[in-house]
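# Summary of structural features
The residues making up each chain are set out below.
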Amino acid sequence: MSYRQILLAVDLSEDSDAIGRRAAAIAAAFGANITLLHVVEFIPMDPSGEALMPPPVDLESELLASGRTRLAELAGRLGLRDSRQEIVLGGIKTEIVRVATEIGADLIVLGSHQRHGLALMLGSTERSLLSATPCDVLAVRVQGG
């Protein structure tokens, strides 16, 4: 099997560089294109766990602008300046699946944090993507979590 379109989904944490290096190595080995994706998922919560009103539009714009800058910096560090870069506002799983379908991705690369206790029982983005995507998913193990 050969990969042609790789979607690199990052949260822009310190682990994004390591995950990106893995995706870049796979892309180089297969001569594949990479699309970098960062999803801004902003759901303000009050202390009781209830969702509050949607964020003001200017806050959303600031989060998107900041993400755009940080994603461009990551692309530069990875040598992927000419790759497509997407910053979107929405649900992480939904947007990863949407963009993967849109670009015809045959591989999604993302980070996998080690989970303990309740987080392990509730599941994860990586696990939920496996049943929702029409392509391979590579979850790169990272230390945080």
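Preceding block: the structure.
Description of the structure in this document. Being a predicted model, the structure only gives us computed values, none of them experimental.

Reading the values: rules and limits
- Residues numbered from 1 in each chain as written.
- Predicted model: local features only at pLDDT ≥ 70, side-chain atom pairs only at ≥ 80, totals over all residues.
- Heavy atoms only, no water.
- Helix = DSSP H or I, 4+ residues; strand = E, 2+ residues; numbered from the N terminus.
- Buried < 20%, exposed > 50% of the residue type's maximum accessible area, 1.4 Å probe, protein only.
- Contact = heavy atoms within 4.5 Å.
- Areas by Shrake-Rupley, 256 points an atom, 1.4 Å probe, with all protein chains shown as cover.
- Expected span 1.5 Å × (residues − 1).
- Pairing = 2+ DSSP bridges.
- Right-handed = clockwise from strand over helix to strand, strands pointing away.
- Phe/Tyr/Trp six-rings, centres within 6.5 Å; stacked < 30°, edge-to-face > 60°.
- Salt bridge = Lys/Arg side-chain N within 4 Å of Asp/Glu carboxyl O.

### Re the overall build of the protein
- When you go through the protein residue by residue, the secondary structure sums to five helices and five strands.
- Taken from the N to the C terminus, the helices and strands of the protein come in the order β-α-β-α-β-α-β-α-α-β.
- Here the protein holds 145 residues, and the buried ones make up 41% of them.
- Once local pairs closer than 6 in sequence are excluded, the contacts in the protein between residues at least 24 apart make up 75%.
- Carbon and sulfur atoms make up 54% of the accessible area of the protein, which amounts to about 8,300 Å² in all.

### Here we look at helix α1 (residues 16-30)
- Between its first and last C-alpha, α1 extends 21 Å over 15 residues, near the 21 Å set by a 1.5 Å rise per residue.
- Positive backbone phi, approximately 65 degrees, marks glycine 31, located one or two places after α1.

### Comments concerning the pairing of strand β2 (residues 33-40)
- Burial analysis of β2 places seven of its eight residues in the buried class, which makes it a mostly covered element.
- Here strand β1 (residues 5-9) pairs with β2 via five bridges, running parallel. The residue of β2 that forms the bridge with leucine 7 is threonine 35.
- Between the parallel elements β1 and β2, the chain passes through α1 in a crossover that is right-handed.

### Considering the environment of leucine 36
- Mapping leucine 36 onto the fold places it in strand β2.
- As a C-alpha pair, leucine 36 and leucine 80 span 44 residues in sequence and 8.9 Å in three-dimensional space.

### Side note on unusual backbone geometry
- You will see that leucine 12, though not glycine, has its phi angle at about 65 degrees, which is positive.
- Within the secondary structure, leucine 12 sits in the loop between β1 and α1.

### Quick word on the packing of aromatic side chains
- Tallying each qualifying case throughout the model produces one aromatic pair.
- Ring centres 5.2 Å apart and planes at 80 degrees place the aromatic pair tyrosine 3 and phenylalanine 30 in the edge-to-face group. On the criterion of sequence distance, the pair formed by tyrosine 3 in the segment before β1 and phenylalanine 30 in helix α1 is long-range, its members being 27 residues apart.
- Phenylalanine 30 gets classed as partly exposed once you look at its relative accessible area, which sits at 30%.

### Section: the pattern of salt bridges
- Counted by the stated rule, this structure contains five salt bridges.
- Here aspartate 17 ties to arginine 77 by a salt bridge, and the two come within 2.8 Å at their closest N and O atoms. Note that aspartate 17 is positioned in helix α1 and arginine 77 in helix α2 (residues 57-77), a separation of 60 residues in sequence.
- A salt bridge links glutamate 95 to arginine 98; the nearest nitrogen and oxygen atoms lie 2.7 Å apart. A residue pair is termed a helical-turn pair when its members lie 3 or 4 positions apart in one helix, as glutamate 95 and arginine 98 do in helix α3 (residues 92-103) at three residues.
- Classification of arginine 98 by relative accessible area gives partly exposed; the value is 35%.
- Several salt bridges share partner residues, and in doing so they unite Arg84, Glu86, Glu95, Arg98 and Glu102 into one network.

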